[in-house]
Amino acid sequence: MLLVLCALAYFSVQRWLGPQVVAEVVQRRDFVQSVVASGHVQSPHRVDIGAQITATVARVPVAEGQTVAAGTLLIELLSADLQAAERQADIAVQQAQAKLRQLLEVQAPVAEQALRQAQATQANAQSAFKRSQDLFKQGFIGQAALDEARKSADLADAQLRSAHKQLDTTAASGSDYAMASTAVDQARAAAQVAHARAGYASIRSPVDGVLIARNVEAGDVVQPGKVLMTLSPKGKTQIVIAVDEKNLHLIALGQQALVSADAYPQQKFNAGLVYINPGVNAQTGAVDVKLDVPQVPEVLRQDMTVSVYISVDPQTKKKKNS
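Predicted model only: the values in this text are computed from it and were never measured.

(A) Region of the structure containing the overall build of the chain. If you tally the helices and strands in the chain, you get 5 helices and 14 strands. Computed over its C-alpha atoms, the radius of gyration of the chain comes to 46 Å, more than 25% above the 20 Å expected for a compact globule of 322 residues. On the principal axes, the C-alpha backbone points of the chain span a range of 185 × 55 × 45 Å. The buried share among the 322 residues of the chain stands at 31%. For the chain, long-range pairs separated by at least 24 residues make up 75% of all intrachain contacts whose partners lie at least 6 apart in sequence. As displayed, the chain has an accessible area near 21000 Å², and 53% of this comes from carbon and sulfur atoms. Charge centroids of the chain, computed over 31 positive and 29 negative side chains, lie 5 Å from each other.

(B) Summary view of the sheet that holds strand β7 (residues 209-214). If you trace the 4 strands from one edge of the open sheet to the other, you get β2-β9-β7-β4, paired in antiparallel fashion. Whereas interior strands pair on both sides, the edge strands pair on one side only; in this sheet they are β2 (47-50) and β4 (67-68). The sheet contact formed by β4 and β7 spans 2 bridges and is antiparallel. Paired with Val68 across the strands is Gly209, a residue of β7.

(C) Highlighting the pairing of strand β1 (residues 33-42). Here 8 bridges tie β1 to strand β14 (residues 305-312), and the two strands are oriented antiparallel to one another. Note that in β14 the partner of Val36 across the bridge is Tyr309. Sheet topology places β1 next to strand β10 (residues 238-244); 4 bridges connect them, and they run antiparallel. Considered in β10, the bridge of Val41 is made with Ile239.

Analysis parameters
Residues numbered from 1 in each chain as written. Predicted model: local features only at pLDDT ≥ 70, side-chain atom pairs only at ≥ 80, totals over all residues. Heavy atoms only, no water. Helix = DSSP H or I, 4+ residues; strand = E, 2+ residues; numbered from the N terminus. Rg over C-alpha atoms; globule rule 2.2 N^0.38 Å. Buried < 20%, exposed > 50% of the residue type's maximum accessible area, 1.4 Å probe, protein only. Contact = heavy atoms within 4.5 Å. Areas by Shrake-Rupley, 256 points an atom, 1.4 Å probe, with all protein chains shown as cover. Lys, Arg positive; Asp, Glu negative; His and termini not counted. Charge placed at Lys NZ, Arg CZ, Asp CG, Glu CD. Pairing = 2+ DSSP bridges.

All quantities given are derived from atomic positions and should not be read as evidence of function.
Now the structure itself:
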């Protein structure tokens, strides 16, 4: 009877007190408002890879999605004709250099020797002419002999002048030397062009990055202007979203956001708002907004769809309204 009385008393008290509930202390705080938008991942810029010549693809040693370093071979083109042009240009340089060497080693010494001979001939002719003048004055020879001696002296003078000019052309300031030197420079320039064109057969990565698109296979004939690959340079990663213009007054530079990829909704990461397009898309009524990702998760890929939650600072709305 005592136990029954105690049980009745306990249940009577509990019924009188009523049910127990969890209570919280009410605090005065601002409501947290978020702007939600969908966007995609992208680099601030991308590099389109193409060929500079028309050629057939020999091999493509990289795959889409592969991380490559600067200088990595991306596409190799058939280059037999380019290599032949290289050899031909190198031979042309050697021939031009040989002609210049011939000018310095053969023609210049020959011209110098011819000048000495012309000088000796001219000296003898002048001496003979003077003797003829003396003999003519003394009456030992006639006018015809004197005229013949004068002609010989004039001819020797002309030959001497010609020898001087022939030697001058072989000097560093002469026309023959200038022509031979110019031919060497032209051959070298043509060889540089040939080597550069041969280098076009090996298409290499200009920067470190990830290959996000590949539109070429071995055997394809490629032409200049056609995009064969797209490279996402290593470095900064951004999120690009389109915010409805009615929420434009809620966002501002420097705001923080929480981002999650649609493929991995449980893995959230932070981003900061760094750019708001000054114009509104007239067709969609949206504003393009960009956010920087300071720490990029490993699961993030180029062009991946993401959901962005921008935390709106209450002061932002107050400032813009004021």
